[in-house]
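Structure assessment
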Amino acid sequence: MARHADIAIIGAGAGGLFASIWAGRTLQSRGLSSTRPSSRIVALDGAKKLGAKILVAGGGRCNVTHHAVDETAYAGSSRNSIRNVLRRFDVAQTIEFFRERGVELKREETGKLFPVTDDAQTVLDALLNAAAAAGVQVINPWRVASVKRTDHGFAIQRDLPAESPGVRATVGGGVALGVGVGVGVGVGDVVVLARRIILATGGRSLPKTGSDGLGFEIAKSLGHSITPRVFPALVPLTIPKDHWLTSLSGVTLPATLELRSAGGKRLAAFTNSTLITHFGLSGPGVLDMSRYYTEAKLAAAPGAAPVLVLNWLPEENVESMDAALASAGRTRGTSILRVLEAKLAERVVRAICEGAGVDPSASLAELPKIKRRTLAIALTEMPLPVTGDRGYLFAEATAGGVPLAELKLDTMESRVCPGLHVCGELCDVDGRVGGFNFQWAWASGYVAGCGAAAAVTTSA
Ligand SMILES: Cc1cc2nc3c(=O)[nH]c(=O)nc-3n(C[C@H](O)[C@H](O)[C@H](O)COP(=O)(O)OP(=O)(O)OC[C@H]3O[C@@H](n4cnc5c(N)ncnc54)[C@H](O)[C@@H]3O)c2cc1C
């Protein structure tokens, strides 16, 4: 028995759930849901437990969005195309959606919005309840192995666990057998035939949650290209284990990170909280910078690697710092430590001085000019010996994916495979820390869901 759906959403994370909710609501508003079994919209997810990323987000509080979202907080596809999607479902609509589902959001000083419950579970519950109310059947665990085009839409093949006796299926041959009974799709079914699909499988970050990159292969098999580079974003950076910086493990301070090309051109800069760890650097400024660093490194010609420099005192630069040190040195007997302790913790000053080869207890007045300059550089333009990043296991997002240029932005429908819609992190869009990635998932999911449902014909 073949199982049919009007719309099958593959992946029920933030983007997929949102797409399914708006697909369901759109069908309801068109009066179609009452004439069809509710199971005509199905959301298939491979995970045993739904919403893993929503639950871990924001340290378990779920940073749902940011009060000021615009395209400048994103990278990947062109800013114009990102704006085009974001404006179709903005922050006010996100707040209203969750309010209507009983979840009030509060804005914190950083501009991030969290549920007043400080509990991500309330966000997930709201989404699942909204999906049920919109007539969506969410089925899990139901991992998709492949998708093939058929005359009437798509055949979605389940990735069968080895221990599934009695379950048989063929795709493409026109026969689909499932062990499930009754109307709709069940976990026992092995093939779903859908008129339209919304691919919302996420990227590769935190693969144990189920987003392991298979969605990229499915998109490719349906004719899409994937950006030549796909890499971890919002990810901590590593430095050599024995570098003196690691002795400052646990220190957090506001700092500026600047990315420079080998020729010294400023490519990106972020000023934010920076955390030094036993492996390297983390914190929002570092996470935001990581994708720009990796991208520049991958694009660099051999021998022309970009450089990441750290300014421990964002209000200073080399010149102003050198002048400040020179001025302080005019007071006889003033030590380096005494001057810098007013700005940085003693532990940090000692480590920076050690790294710069300067004795922190030395008198500034006696410090040779060249050493003073070296110290000023160490304080405001310290090159970081970055060795790489911590990879997808620790990344909060994925850079790269399906280029927006291959999608119609008013419906997120594929230009190369009609009937296929794409949303969420699978797209070549990645945002900064602060709720921007979820806002992308909400906006692109909304557009994909409404677009897919608007195209469902009454005769189907
Ligand atoms: C630790 C961490 C913290 C984060 N915190 C925040 C935050 O506070 N704010 C913010 O804005 N963003 C945050 N993010 C990023 C945010 O979680 C993602 O951008 C967002 O979840 C992407 O939504 P998505 O639906 O596109 O993908 P996902 O959330 O990854 O969902 C994809 C779904 O598809 C399913 N799937 C994958 N392949 C298949 C398949 N073959 N068959 C069936 N199902 C499949 C997966 O099981 C998963 O449920 C965080 C990410 C991480 C890792």
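Residues numbered from 1 in each chain as written. Predicted model: local features only at pLDDT ≥ 70, side-chain atom pairs only at ≥ 80, totals over all residues. Heavy atoms only, no water.

Most peptide bonds are trans, and most residues other than glycine sit at a negative phi. In the segment running from Asn140 into Pro141, the intervening peptide bond is cis, with an omega of -5°. The residue Pro141 is located in the loop between β7 (136-139) and β8 (144-150) in this model. Backbone geometry places Cys62, a non-glycine residue, at a positive phi of 60°. The class of Cys62 is buried, set by a relative accessible area of 0%. For Leu206, which is not glycine, the phi dihedral falls at a positive 50°. With respect to the helices, strands and loops of the structure, Leu206 is situated in the loop between β10 (191-199) and α6 (214-221). (Helix = DSSP H or I, 4+ residues; strand = E, 2+ residues; numbered from the N terminus. Buried < 20%, exposed > 50% of the residue type's maximum accessible area, 1.4 Å probe, protein only.)

Here we come to the environment of Phe394. The residue Phe394 is located in the loop between β18 (388-389) and β19 (397-399) in this model. Of the residues examined, Phe394 reaches a relative accessible area of 41% and is grouped as partly exposed. In this structure, the C-alpha to C-alpha distance between Phe394 and Phe98, residues 296 residues apart in sequence, is 28 Å. Contact partners of Phe394, with chain neighbours within four places excluded, come to Leu234, Val235 and Pro236. (Contact = heavy atoms within 4.5 Å.)

On to helix α4 (residues 91-100). Since there are 3.6 residues in each turn of an α-helix, residues three or four apart along the chain are aligned in direction. Every buried residue of α4 is accounted for by Val91, Thr94, Phe97 and Phe98. Summarising the axial view, the buried residues of α4 lie within an arc of 120°, below the 170-degree limit, and thus occupy one face. In this fold, the buried residues of α4 make contact with α1 (14-29), β3 (65-66), β5 (105-107), α5 (120-133) and α12 (436-454). Just past α4, the residue Gly102 takes up positive phi, approximately 90°. (Arc of directions from axis to C-beta.)

Tracing the sequence through the fold places Ser81 in helix α3 (residues 79-86). Among the residues examined, Ser81 registers a relative accessible area of 10% and is labelled buried. The contacts of Ser81, once residues within four sequence positions are left out, are Leu404 and Leu409.

With that out of the way, let us pick up the nonpolar core. Residues Phe98, Leu127, Ile156, Ile197, Met412 and Trp440 are the most contacted members of the largest nonpolar core, which totals 87 residues. Considering each element in turn, this core owes the most residues, 12 residues, to α12. When sequence neighbours within four positions are dropped, the list of residues in contact with Leu127 reads Leu17, Phe18, Ile21, Ile54, Phe97, Phe98 and Trp442. In this structure, Tyr293, Ala328, Ala351 and Ala378 belong to the second largest nonpolar core, which totals 48 residues. (Core = buried A, V, L, I, M, F, W, Y, C linked by side-chain atoms within 4.5 Å.)

Let us now look at the site of the ligand. Around the ligand there are 33 residues in total, and Gly15, Asp45, Ser211, Glu425 and Phe438 lie nearest to it. A distance of 2.8 Å is found between an oxygen atom of the ligand and a backbone nitrogen or oxygen belonging to Gly15. Between the ligand and Ser211, the relevant distance is 2.6 Å, taken from an oxygen atom to a side-chain nitrogen or oxygen of the residue. Considering the ligand on its own, with 1000 Å² of exposed area, one finds that the protein chains cover 94% of that surface. Broken down by secondary-structure element, the contributors of at least two residues to the shell around the ligand are α1, α2 (52-60) and α12. (Near = heavy atom within 4 Å. Polar contact = N/O pair within 3.5 Å; in protein donor to acceptor, adjacent residues only side chain to side chain. Areas by Shrake-Rupley, 256 points an atom, 1.4 Å probe, with all protein chains shown as cover.)

Moving on: the pattern of salt bridges. Inspection of the entire model under this criterion finds 24 salt bridges. Between Glu381 and Arg260 there is a salt bridge, with the nearest N and O atoms lying 3.2 Å from each other. Here the residue Glu381 occupies a position in the loop between α11 (369-380) and β17 (382-383), and Arg260 occupies one in strand β13 (residues 252-260), the gap between them amounting to 121 residues. One salt bridge connects Arg372 with Asp322, and the closest N-O pair in it is separated by 2.8 Å. Here Arg372, found in helix α11, pairs with Asp322, found in helix α8 (residues 318-328); they are 50 residues apart in sequence, far enough to count as distant. (Salt bridge = Lys/Arg side-chain N within 4 Å of Asp/Glu carboxyl O.)

Looking at the assigned domains, one finds that the protein chain contains domain 1 (3-231 + 398-454) and domain 2 (236-390). With centres defined by C-alpha atoms, the gap from domain 1 to domain 2 works out at 41 Å. Every contact between the two is made by 10 residues of domain 1 and, on the other side, 10 residues of domain 2. The contact between domain 1 and domain 2 buries some 800 Å² in all, and 60% of this surface belongs to carbon and sulfur atoms. Area buried by domain 1 at its contact with domain 2 is led by Arg229, Phe231 and Arg432, which between them contribute 60% of it. (Domains from an automatic or database assignment. Buried area = accessible area lost by both parts, 1.4 Å probe.)

What follows is about the side chain of Ser414. With respect to the element layout, Ser414 can be found in strand β21 (residues 413-414). At a separation of 2.9 Å, a polar atom in the side chain of Ser414 contacts the main-chain amide nitrogen of Val416. Among the polar contacts listed, one links the side chain of Ser414 to the backbone nitrogen of Cys417, at a separation of 2.7 Å. Excluding its chain neighbours within four sequence positions, the residues that come into contact with Ser414 are His224, Glu406, Leu407, Lys408 and Leu420.

Looking now at the sheet that holds β3. Across the sheet, which stays open at both edges, the 3 strands sit in the order β3-β6-β5 with antiparallel pairing between neighbours. Every interior strand has two partners, whereas the edge strands, β3 and β5, have only one. One ladder, built from 3 bridges, connects β5 with strand β6 (residues 112-115); its direction is antiparallel. Looking at the pairing, Lys106 lines up with Phe114 of β6. (Pairing = 2+ DSSP bridges.)

Turning our eyes to something else, we now look at the environment of Lys220. The topology assignment puts Lys220 in helix α6. In this structure the C-alpha to C-alpha distance between Lys220 and Val402, which are 182 residues apart in sequence, comes to 8.9 Å.

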